[in-house]
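Structural overview
The chain contents come next:
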Amino acid sequence: MELWIQNAKLVDETGEWFADLLIRDGKIAAVGQGLAAGGEALDAAGLTVMPAFVDLHCHFRDPGYLQKEDIETGCRAAAKGGYTAVNLMANTNPVCSSMETVRYVREKAQKLGLVEVHQCVSVTEGFDGKTVSHLQALDETVKLISEDGKGVMSNHVMAQAMKIAKEKGLTVLSHAEDMEISPYDYRLAENIATIQHVHLAQSLGARLHLCHVSTVEAMQEVIRAKICKAPVTCEVTPHHLWFYDTDYRVNPPIRTKKDRDYLIWAIENGYVDAIATDHAPHTPEDKKNGAPGLVGLETAFGVCYTILVREHGLSLAALSRLLSAGPARILGLKKGRLQPGYDADLVLVDESREWTVRAAEFASKGRNTPFEGVHLQGKVVRTIKGGKTTYQE
Ligand code: DOR
Ligand code: ZN
Ligand code: ZN
């Protein structure tokens, strides 16, 4: 099966250029001008072709909270947002602490075939804050562990988990929150947990990825670690890049303009490895009762294009690194570049399109978004996974 994409502007982390792209058997077979190709032709004139996006941080609520989201609605939301791979957090019911739950999620996603779904296993068993022996039972298909939704409170427990993670080649994802301190000072709670986890990783040589970094001080700690060549990576979210000084409920909270500006500075200076959505759907009732989080998959590209490319002059190539190649490297995937041999996971975007966010139109079950009614520029019009269209406007 061949697909021949013509007349598009191509953009990946290496730059932007005009060429045709040939897809064969789910892979990019050739990129260049005047390709002698057969198969189906797709005229992409006026559009930009990028590697599809990879989200390191999503909550699909399956098993356990299907009223909020399930694998199918989560995957449809991801495809609509331009994503072909996502990594799901373990705060489901039951908490994902075993290969059995991992397999349940994966098999459900594979049947749909819309998105490559990776599933995190919890750092402690059932989020008990103590037990890490369940990590020994993970096979090599699990790449990331995370307690997201909760902080790992004991440094000793985190150290034990990191030692196992190092032996098994796992990366620890940190939702950096000191949960005794966060009820009264969430800034200090993030800063102190970040410093602790970074020092543990640095001392043990374990790979650590900081989720949703949101303060100046936490980002400075990540930068310090990177300068010391510690095995530390980080993500920021679209909502922490867009909003400041508002009280929409999300963890970590929306911060000040100084924090927001510093995150953008860190992006511009190459210190950020990925933009991740922290897609966290809730029912209207749970949201009313104070559940933290927002749905992010379907607005991520428009938000990032508008704030970073339009308003701050970031190159689209740099944004591509953050949405695709960077997270793909952390997950160890052959995705994120428009080069022969890479997976034919592509997104076609209309850079000039202006649109208004309407939660009622989301494919996600979640309607909890602070972006309702916001005008954005840049829209996903088609998503292709392994050469097959998984979303088309
Ligand atoms: O806002 C958040 N929502 N932060 C988290 O860490 C968890 C997430 C959720 O699961 O709803
Ligand atoms: Zn989190
Ligand atoms: Zn999360």
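The following refers to the structure shown.

Conventions used here
Residues numbered from 1 in each chain as written. Chains lettered and ligands numbered in written order. Predicted model: local features only at pLDDT ≥ 70, side-chain atom pairs only at ≥ 80, totals over all residues. Heavy atoms only, no water. Donors = N, O, S within 2.8 Å, 3.2 Å for Na, K, Ca; no water. Tetrahedral: all angles 85-135°; square planar, octahedral: opposite > 155°, others 65-115°. Helix = DSSP H or I, 4+ residues; strand = E, 2+ residues; numbered from the N terminus. Near = heavy atom within 4 Å. Polar contact = N/O pair within 3.5 Å; in protein donor to acceptor, adjacent residues only side chain to side chain. Areas by Shrake-Rupley, 256 points an atom, 1.4 Å probe, with all protein chains shown as cover. Nonpolar A, V, L, I, M, F, W, Y, C, P; charged D, E, K, R; others polar. Buried < 20%, exposed > 50% of the residue type's maximum accessible area, 1.4 Å probe, protein only. Pairing = 2+ DSSP bridges. Right-handed = clockwise from strand over helix to strand, strands pointing away.

1. Regarding the coordination of the zinc ion (ligand 2)
Summarising the metal site, the zinc ion (ligand 2) is bound by the protein donors D148 (OD), H175 (ND1) and H212 (NE2), whose distances to it range over 2.0 Å. Considering all four donor atoms around the zinc ion (ligand 2), the spread of angles at the metal, 83 to 133°, places the coordination shape in the irregular class. Sequence spacing of the donors to the zinc ion (ligand 2): D-x26-H-x36-H. The two metals, the zinc ion (ligand 2) and the zinc ion (ligand 3), are separated by 3.5 Å and share D148 as a common coordinating residue. Here H212 lies in the loop between β13 (208-210) and α5 (216-227) and D148 lies in the loop between β11 (144-146) and α3 (155-168), a separation of 64 residues in the sequence.

2. Description of the site of ligand 1
Taken together, the neighbourhood of ligand 1 is formed by 13 residues, with R61, N91, H175, N251 and H282 sitting nearest. Taking H175, its side chain carries an N or O atom lying 3.1 Å from an oxygen atom of ligand 1. Bound to the protein, ligand 1 loses 94% of the 290 Å² it would expose on its own. Here the shell around ligand 1 is built from residues that sort into three nonpolar, seven polar and three charged.

3. Quick word on unusual backbone geometry
With an omega of 10°, the peptide bond between D62 and P63 qualifies as cis. Mapped onto the secondary structure, P63 falls in the loop between β8 (53-58) and α1 (71-80). Between N251 and P252 the backbone carries a cis peptide bond, its omega angle lying at -10°. Checked against the element boundaries, P252 lands in the loop between α6 (238-242) and α7 (257-268). Despite not being glycine, N7 has its phi angle at roughly 65°, a positive value.

4. Here we look at the coordination of the zinc ion (ligand 3)
Protein coordination at the zinc ion (ligand 3): the donors are H57 (NE2), H59 (NE2), D148 (OD) and D278 (OD), at 2.0 to 2.1 Å from the metal. Around the zinc ion (ligand 3), the four donor atoms sit at angles spanning 86 to 175°, and that spread fits a shape best called irregular. In the primary structure, the donors to the zinc ion (ligand 3) are separated according to the pattern H-x1-H-x88-D-x129-D. A relative accessible area of 4% places H59 in the buried class.

5. Structural notes on the pairing of strand β12 (residues 171-174)
Residue alternation in β12 divides its side chains into two sets, T171 and L173 and V172 and S174, and both sets are buried. Sheet topology note: the β11/β12 ladder contains three bridges and is parallel. Residue S146 lies in a different strand from β12, and its bridge partner there is L173. The handedness of the β11 to β12 crossover, carried by α3, is right-handed. Pairing geometry for β12 and β13, over three bridges, is parallel. Residue V172 lies in a different strand from β13, and its bridge partner there is L208. One crossover worth recording links β12 to the parallel β13 by way of helix α4 (residues 186-204), and it is right-handed.

Everything listed here is a matter of coordinates, which is why it stays silent on function.
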